[in-house]
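Letter by letter, the chains look like this.
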Amino acid sequence: MTALTVFVPRLNDELWDAQQLVRIWQQVQEAGDGAEVTFDFSQCDFLRPNAVAFLGGLSRLIRHRGGKIRLLVGTMRGKVEANLLQNGFAHAMGAETPAWQGNAIPYQEHLAQDKNKIIDSLKRDWLGRGWINVSAALADGIAGQVWEIFANAFEHSKTTVGIYSCGQYLPKRRELLLTVADFGVGIPSNVRIYLGNLTMPAADAMRWAFTPGHTTQPQQTFPRGLGFELLKEFVQKANGTMAVYSHDGRANIDRKGETYDNFQPFFEGTLVQIRLLCDDKHYMLSNEVAATSTTPFF
């Protein structure tokens, strides 16, 4: 059995941090099936939800492939350990302490395509805690489009270990974060196969996937690609960002627009990161404006 020790660094949610997560994935890949992987947190003083969801899914993948994992709790700094206890990651990995609400959107392992459960959780735990002021109709629409991230992962990624999510509210920065991760077939690979163009640049494949109405599901009877028009507009109006890393491609949406790039190192899966700025505005759908004088609005 191969023994591997992974030193987890400080991880935020920028491009560099995504690259570090992927390099951890690559270390595990190189160790092979049946590896015994130890996660050492001595170099880590902060973990954003992208790292929590990613490490949780990676741990399940290691076990699925016949390996073992060890989390060196003794190497965790106080804030890191408290965060992993609060959001439920530690409990999912075997700790006796149950999660508590705090400012975390709970770490969850989604093994079945339960639309109602996931949407209800998004509206309750992410948009419904008062951190960002959205109308009920807008919350329904946003949760429905984030559900599409899960649905596409279930239907297209061919994941063998489910889908992982986690989030957090950072009060000092007034940022609301949500991450969804899977370890299946990535977006560029699906698009290349569907279009019959195996040399298609990853950036072009990501752009194609994010075009409204495009889908790689041949049986689809209604348009449902990764367009996410409402979600993208909301992210932009809330001064946020939405970054998607998949295989060798990256999509980034912010108030400046949309960009699609080739991404390295290669990652066999998809990582979606949503960051919203929680300002004092009240956000609503445009068709709700006539019924209220609240401003500013979405």
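Data block above holds the structure.
Below is a short write-up of the structure.

About the criteria used
Residues numbered from 1 in each chain as written. Predicted model: local features only at pLDDT ≥ 70, side-chain atom pairs only at ≥ 80, totals over all residues. Heavy atoms only, no water. Helix = DSSP H or I, 4+ residues; strand = E, 2+ residues; numbered from the N terminus. Buried < 20%, exposed > 50% of the residue type's maximum accessible area, 1.4 Å probe, protein only. Areas by Shrake-Rupley, 256 points an atom, 1.4 Å probe, with all protein chains shown as cover. Lys, Arg positive; Asp, Glu negative; His and termini not counted. Charge placed at Lys NZ, Arg CZ, Asp CG, Glu CD. Pairing = 2+ DSSP bridges. Axes fitted to C-alpha atoms, helices over the stretch in contact; angles between N-to-C directions. Contact = heavy atoms within 4.5 Å. Right-handed = clockwise from strand over helix to strand, strands pointing away.

A separate point is the overall build of the protein. Helices and strands together make up the secondary structure of the protein, namely nine helices and 10 strands. Each principal axis of the C-alpha distribution contributes one length, and for the protein these read about 65 × 50 × 30 Å. Counting every position in the protein, which comprises 298 residues, the buried fraction comes to 56%. Summed over all atoms, the accessible surface of the protein reaches about 13,100 Å², with 49% contributed by carbon and sulfur. Between the centroid of the 29 positive side chains of the protein and the centroid of its 30 negative side chains there is a distance of 3 Å.

Let us now look at the sheet that holds strand β8 (residues 241-254). Judged by pairing direction, the sheet is antiparallel, and its five strands sit side by side in the order β4-β6-β7-β9-β8 without closing on themselves. Each edge of the open sheet carries a strand with a single partner, namely β4 (104-110) and β8. Going from strand to strand, the sheet's axes swing by 15° on average, the running direction of each strand aside. The sheet contact formed by strand β7 (residues 175-182) and strand β9 (residues 257-277) spans eight bridges and is antiparallel. Within β9, the residue paired with D182 across the bridge is T270. Those strands touched by helix α1 (residues 15-31) are β8 and β9, and its axis lies near 140° from that of β9.

Right, let's talk about the pairing of β8 for a bit. For β8, the buried fraction is high: 14 of the 14 residues fall into the buried class. Linkage of β8 to β9, two consecutive antiparallel strands, is achieved through a turn of two residues.

The pairing of strand β2 (residues 36-40) with strand β3 (residues 68-72) spans five bridges and is classified as parallel. From the neighbouring strand, F39 faces β3, where its bridge partner is L71. Read as a crossover between parallel neighbours, the route from β2 over helix α2 (residues 49-64) to β3 is right-handed.

Right, let's get into helix α3 (residues 78-86). Count 3.6 residues to each turn of an α-helix, and residues three or four apart come out pointing the same way. Buried residues of α3: V80, N83, L84, L85 and Q86, and no others. Those residues of α3 hidden inside the fold are in contact with α2, α4 (89-92), β4 and β6 (163-170).

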